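Listed here are the chains, written in short residue letters.
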Amino acid sequence: MHAPRRSVFRPCIDLHDGQVKQIVGGTLSDASPETLKTNFVASQSPGDFARLYRDNNLKGGHVIKLGRGNDAAAREALAAWPGGLQIGGGMNDQNAQEWIDVGASKVIVTSYLFPGAKFSLERLKKISSVVGKDRLVVDVSCRRRGEKWLVAMNKWQDITDMEVSEESLHELSQYCSEFLIHAADVEGLCQGIDEELVKKLGQWVRIPTTYAGGAKDIGDLDLVEQLSEGRVDLTYGSALDIFGGELIFSLGHKPVLSKSGDRYGRSSRFTTTKMPGKVKAYELQSKSKNDLHKQLQELKTELLTLRVQKIAGGSASKLTKIATVRKSIARVLTVINQKARQNLREYYKDKNYLPLDLRPKKTRAIRRRLTKHEASLKTLKQRKKDANFPIRKYAVKA
C-alpha cells in the first residue's frame, strides 16, 4: 500500500531583461512598462541559481522568460543543470525542440496555444507531436473573473476564452504531462495563496501540477497539501531569502516518494526557517550570554541596513521588516535582562541584604508594613511597665 503523496517545493527562475527577478505579476505590461513593480533583482547569474537547485536535487523547477532579451540567460541556466529544469516563455512548434536539445527537461507553453486569445486544439496537438507529450507542460496561468478563473496569456496581460475547469484541464492533459498554474492576481505579493483555486485544482487535476503565486511562509506548503490532498506542488518566489524575502533557503532536504511512484518521481521536501529578523522568546532562553549579545548585534546591524534602504527608497517587502526586527531586538533585550536578574538572585540567595531592584516589589504599604517579629518587639520602658503594672485580672463571684 502506497503512502499518500505529499505536496513538495518546486523552484523557479524568473528572467526579465536578462536578469533573475521577482516581479509582481499583475504589473507586467507592454503598453505601460512604467507600471512594473519589482520585488527583487539578483546579483547572481541564472547559472548560479540553477547550480543551487542542482546541488539540492530540487527537480521540476521552471525557468520563465518574461519578455525578450532572456535567451542567453535561459541557456546559461539550462547549461548549469542539463535535464534538470523546464523552460517557458515564447515557446512554439518551431523552437520547442531546440530548447529540449540545449538541456531543458520540458518546454512550457501558453500564448502559442491561444492565437487571438482563442484556444487552438490544433496547435496543442502540433507542439505535442513535435516534442512528445512527456516533454510538454501547459501553463494554465489565470486571473479571477467573478467566480471563474480564465487563462491569461502574454505575460498575464491578455485574458483568453478558456476557463480553468475540470473539463478544460482534462482536455489539455491528453496532450501534455504536467500543468504549471500561476495565480496572476496574487503573484509576487507574498500575501497568501489563492486557497479556493488550489482546492479546485486538487479536485480537477490528474497529472502533476505546480501552483505558483502568493506563497509567504512554510505553512503554505502544508496548506496546499491539505487543500489539494497532495496533488498540487508549490513554488516559492519572493518569500525566499535568495529572492530578498524572509524564508531561508535550507540546504537540507527530505526526499518524498509520491503515491504514484515514479510517475511523479522522487522530489525534495522543501525546508525553510525564518530569518534572524523574527525571533521567539522561548527559543532564546536556552542561549548563552555571548550568543544573545551576538544575536542582538546582528539584529541591530540588520535594522541599520533596513533603515538605510528606507532612505534610499528600498522595496516595500524589505521595509515591512523594520517593525519585525525592532520587536525581535526588544525580545532579545528582555531575555538578556531576565537572565541577568536570575543570575543575581542566585548570587544574593544566601546574603543578608538584597539590592533594591531584586527585592519583591509588592505594594508601597506592604513594603513598609512591620513583620510579625518587629511588631512583637517592646522597648525597655514598656517591658518594665508591663512587669510592674501588669493587667489586673478580676473574677466575678456568683
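Undergrad: Could you clarify how one ought to interpret the overall build of the protein chain in this entry?
TA: Across its full length, the protein chain carries 14 helices and 18 strands. The proportion of buried residues among the 398 residues of the protein chain is 43%. Across the protein chain, every contact between residues at least 6 apart in sequence was considered, and the portion connecting residues at least 24 apart equals 65%.

Undergrad: Just to check I follow, could you spell out the sheet that holds strand β9 (residues 142–145) for this structure?
TA: Taken in spatial order, the 3 strands make up an open sheet running β9-β10-β11, and their pairing is antiparallel. Two strands lie at the open edges of the sheet, namely β9 and β11 (158–163), each paired on one side alone. Sheet twist, expressed as the average angle between the axes of neighbouring strands with direction ignored, equals 45°. Of the pairings in the sheet, the one linking strand β10 (residues 148–153) to β11 comprises 3 bridges and is antiparallel in character.

Undergrad: How should I be thinking about the pattern of salt bridges in this particular structure?
TA: Throughout the structure, instances matching the rule amount to 17 salt bridges. Among the ionic pairs, D17 bridges to K21, the shortest N-O distance being 3.8 Å. Put simply, R231 and E229 hold a salt bridge, and the shortest N to O gap is 3.2 Å. Owing to a relative accessible area of 32%, R231 belongs among the partly exposed residues under this scheme. One salt-bridge network, in which partners are shared between bridges, spans R5, R10 and D233.

Undergrad: Could you clarify how one ought to interpret the nonpolar core in this entry?
TA: Buried together is how nonpolar side chains tend to be arranged in soluble globular proteins. Ranked by size, the top nonpolar core spans 68 residues in total, and within it I13 and F179 carry the most contacts. The element best represented in this core is helix α2 (residues 71–80), accounting for 5 residues. Counting residues in each nonpolar core, the second largest holds 13 residues, with L292, L299, L306 and V325 among its members.

Undergrad: Can you walk me through the sheet that holds strand β13 (residues 209–212) in this structure?
TA: Strand pairing in a sheet takes place through backbone hydrogen bonds and is either antiparallel or parallel in direction. The 11 strands lie next to each other as β1-β14-β13-β12-β8-β7-β6-β5-β2-β3-β4, forming an open sheet whose pairing is mixed. Each end of this open sheet is capped by a strand with a single partner; those strands are β1 (9–10) and β4 (38–41). For strand β3 (residues 19–23) and β4, the ladder comprises 3 bridges, and the chain directions are antiparallel. Looking at β4, one finds that K21 is bridged to V41. Against the sheet, helix α7 (residues 219–228) makes contact with β1 and β14 (232–235), and its axis sits at roughly 160° relative to β14, the strand it touches most.

Undergrad: Is there a simple way to think about a positive patch on the surface in this case?
TA: A surface patch of like charges, here positive, comprises K278, K280, K327 and R331. Relative to the helices and strands, K327 is located in helix α11 (residues 321–347). Given the relative accessible area of 52%, K327 is considered exposed.

Undergrad: Quick question: what am I supposed to make of unusual backbone geometry here?
TA: Glycine aside, negative phi is the norm for most residues, and most peptide bonds take the trans geometry. Residues other than glycine seldom take positive phi values, yet E229 does so here, at roughly 60°. With respect to the helices, strands and loops of the structure, E229 is situated in the loop between α7 and β14. Positive phi, normally seen in glycine, also occurs at K362, with a value near 50°. With respect to the helices and strands, K362 occurs in the loop between α11 and α12 (364–368). Classification of K362 by relative accessible area gives exposed; the value is 58%.

Undergrad: Looking at this model, I keep getting lost on the environment of Y175. Mind explaining?
TA: Relative to the elements of secondary structure, Y175 occurs in the loop between α5 (166–173) and β12 (178–182). Measuring from C-alpha to C-alpha, the distance between Y175 and K125 comes to 6.6 Å, with 50 residues separating the pair along the chain. When sequence neighbours within four positions are dropped, the list of residues in contact with Y175 reads L121, L124, K125, S128, K133 and L136.

Calculation notes
Residues numbered from 1 in each chain as written. Predicted model: local features only at pLDDT ≥ 70, side-chain atom pairs only at ≥ 80, totals over all residues. Heavy atoms only, no water. Helix = DSSP H or I, 4+ residues; strand = E, 2+ residues; numbered from the N terminus. Buried < 20%, exposed > 50% of the residue type's maximum accessible area, 1.4 Å probe, protein only. Contact = heavy atoms within 4.5 Å. Pairing = 2+ DSSP bridges. Axes fitted to C-alpha atoms, helices over the stretch in contact; angles between N-to-C directions. Salt bridge = Lys/Arg side-chain N within 4 Å of Asp/Glu carboxyl O. Core = buried A, V, L, I, M, F, W, Y, C linked by side-chain atoms within 4.5 Å. Patch = residues over 30% accessible without salt bridge, like charges linked within 9 Å, V, L, I, M, F, W, Y side chains within 5 Å. Areas by Shrake-Rupley, 256 points an atom, 1.4 Å probe, with all protein chains shown as cover. Lys, Arg positive; Asp, Glu negative; His and termini not counted. Charge placed at Lys NZ, Arg CZ, Asp CG, Glu CD.

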